[in-house]
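Structural overview for review
Listed below, chain by chain, are the residues.
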Amino acid sequence: MFNNNTIQRFKDIETPFYYYDLNVLKNTLDACRDASSKYNFHVHYAMKANFNPKVVDMVQSYGFGADCVSGNEVKAAIEHGFDKGKVVFAGVGKSDKEINAALDADIFCFNVESVQELEIINELAAAKSKVAGVAIRINPNVDAHTHHFITTGLDENKFGINTWQLNEVAEALRSLKNIKFLGIHFHVGSQITDMEVYRNLCTRINEIGEWFEDRGFAIKVLNAGGGLGVDYYNPDTNIPDFKSYFEVFSKFLNVKPGQEVHFELGRALVAQSSSLIARVLYVKNGQKKNFLILDAGMTELMRPMLYQAYHSIQNLTQESSIKNQEISNSGEAIKYDVVGPICESTDCFRKDVDLPQSFRGDLIAIRTAGAYGEVMASNYNLRDKVESVYSETIG
Ligand SMILES: *Cc1c(COP(=O)(O)O)cnc(C)c1O
């Protein structure tokens, strides 16, 4: 991702910024398209992972659909040229205003998370004399074996409808006239790297699909959600294993003629395409701890503080030939706590990071920051909006 030329160019750019390597993004999207089209699977991009305009436009150019979790995302997806017939709207707390906006936009499908929501969508659709396409988001009670902060498919999570409520769902589907049942939807968590999880999910989808069909509900869409993980420890091996992922579904999911299989991938498509670039402001050497204080913090990248997420951290200046020749680098790694400038003790990217001896002004790259990075930036402490820089503009 970084050659000496790139790092040289970074020297003249004000930090912090997100650096997007659009080649990495393109290679990732190519790999996903190739692996999914082999089975005729439909991929939707989970927009919440990153809606940097250049990223969204590139994803859109591949003909993927859009998976949205707010009314504004629905609006943005359509503005960015996503086919409204490929826009789905998920989320456990859709407001009436958001539902109305999505009805007006004639999106493909609402992924519905409770019986009450089903009733409200029906009521709002009736008021517009429309029929809303719905998929029922079911909580399959599959353990995603991922960090407990990012599991979504267990009984104790707030998402989806639990299987013991399905009778009630079936009753509602029969009686509500302004909704059209399209299929069933699942999303069991994020950053999943164990393919066994998806195999278990297939089993549950098969069982639940049968439950609906036994009761006379034809299923058009089987939506397996997203959650495919990326390798945060090896940011340069940057293409996730789309082949194995889609293969699991092709092997273990019972797909009947006429049925479509849908996916909603966010992280896997965009995570490796970006790094957060910051500078060392100060080096604090303590008796117990050494701190590198960066000019970026939780206001630019919140994942480590929000869910104890790991990001690989590099000192680009010391690793490259652009370092100040007068500084003699002992070559031995030093352990630093890499922290931000924000007035919160949790504003720490990682503790005990092995780095070459580092100095004020060094450029630091926090890798694999393309998913749930820039989108979560805030202006807490009245921080400036974080900038983005693209590989194609700096050469
Ligand atoms: C966030 C989300 C996704 C995407 O998750 P990733 O881990 O980024 O792939 C897909 N579907 C739903 C319903 C989501 O909320």
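These remarks concern the structure in this document.

How each quantity is defined
- What you see as residue numbers is a count from 1 along each chain, following the sequence as written.
- Reporting of local features is limited, given that this is a predicted model, to residues whose pLDDT is at least 70; pairs of side-chain atoms are given and counted only at 80 or more, and all residues count toward the totals for whole chains, interfaces and linings.
- Heavy atoms from the whole structure form the basis of all side-chain values; hydrogens and water molecules are not counted.
- Only protein chains enter the accessibility calculation, which uses a 1.4 Å probe; a residue is then buried when its area is under 20% of its type maximum, exposed when over 50%, and partly exposed in between.
- Helix numbers and strand numbers start at the N terminus; a helix is a DSSP run of H or I with at least 4 residues, a strand a run of E with at least 2.
- Comment: arc refers to directions from the helix axis out to C-beta atoms.
- Only heavy atoms matter for contacts: two residues are in contact if any of them lie within 4.5 Å across the pair.
- Angles shown run from 0 to 180 degrees and are taken between the N-to-C directions of axes, each axis being a line fitted to C-alpha atoms and, for helices, limited to the stretch in contact.
- Angle categories are assigned with fixed cut-offs, so that under 35 degrees is roughly parallel, over 145 is roughly antiparallel, 65 to 115 is roughly perpendicular, and the rest are oblique.
- Crossings are assigned a handedness: left-handed for a near helix turned anticlockwise from the far helix by less than a right angle, right-handed for a clockwise turn.
- Here, the term nonpolar core denotes a set of buried Ala, Val, Leu, Ile, Met, Phe, Trp, Tyr and Cys residues that are joined through side-chain atoms within 4.5 Å.
- Domain extents, as shown, originate in an automatic or database domain assignment.

Side note on helix H4 (residues 71-79)
The complete set of buried residues in H4 reads Gly-71, Glu-73, Val-74 and Ala-77. On an axial view of H4, the arc spanned by its buried residues comes to 165°, and they lie on one face. With respect to the buried face of H4, the exposed residues turned more than 90 degrees away are Asn-72, Lys-75 and Glu-79. Packed against the buried residues of H4 are strand E3 (65-68), strand E4 (87-89) and helix H5 (96-104). Backbone geometry just after H4 places Gly-81 at a positive phi near 95°.

What to know about the packing of helix H2 (residues 22-37) against helix H3 (residues 53-61)
Viewed as axis vectors pointing N to C, H2 and H3 meet at an angle of 30°, and their least axial separation amounts to 11 Å. Considering their axes alone, H2 and H3 lie roughly parallel with respect to each other. For the element pair H2 and H3, the recorded crossing hand is right-handed. Residues Leu-22, Leu-25, Lys-26 and Leu-29 of H2 form the contact with H3, whose participating residues are Lys-54, Val-55, Met-58 and Val-59.

A short note on the nonpolar core
With 108 residues, the main nonpolar core has Phe-110, Leu-173, Ile-184, Phe-212, Phe-246, Phe-249 and Phe-349 as its most contacted residues. Per-element accounting of this core gives the leading share, nine residues, to helix H8 (residues 195-214). A domain-level breakdown of this core finds at least three residues from each of domain 1 (4-17 + 272-390) and domain 2 (22-271). Of all hydrophobic cores here, the second largest spans 11 residues; its members include Phe-2, Leu-316, Ala-365 and Ile-394.

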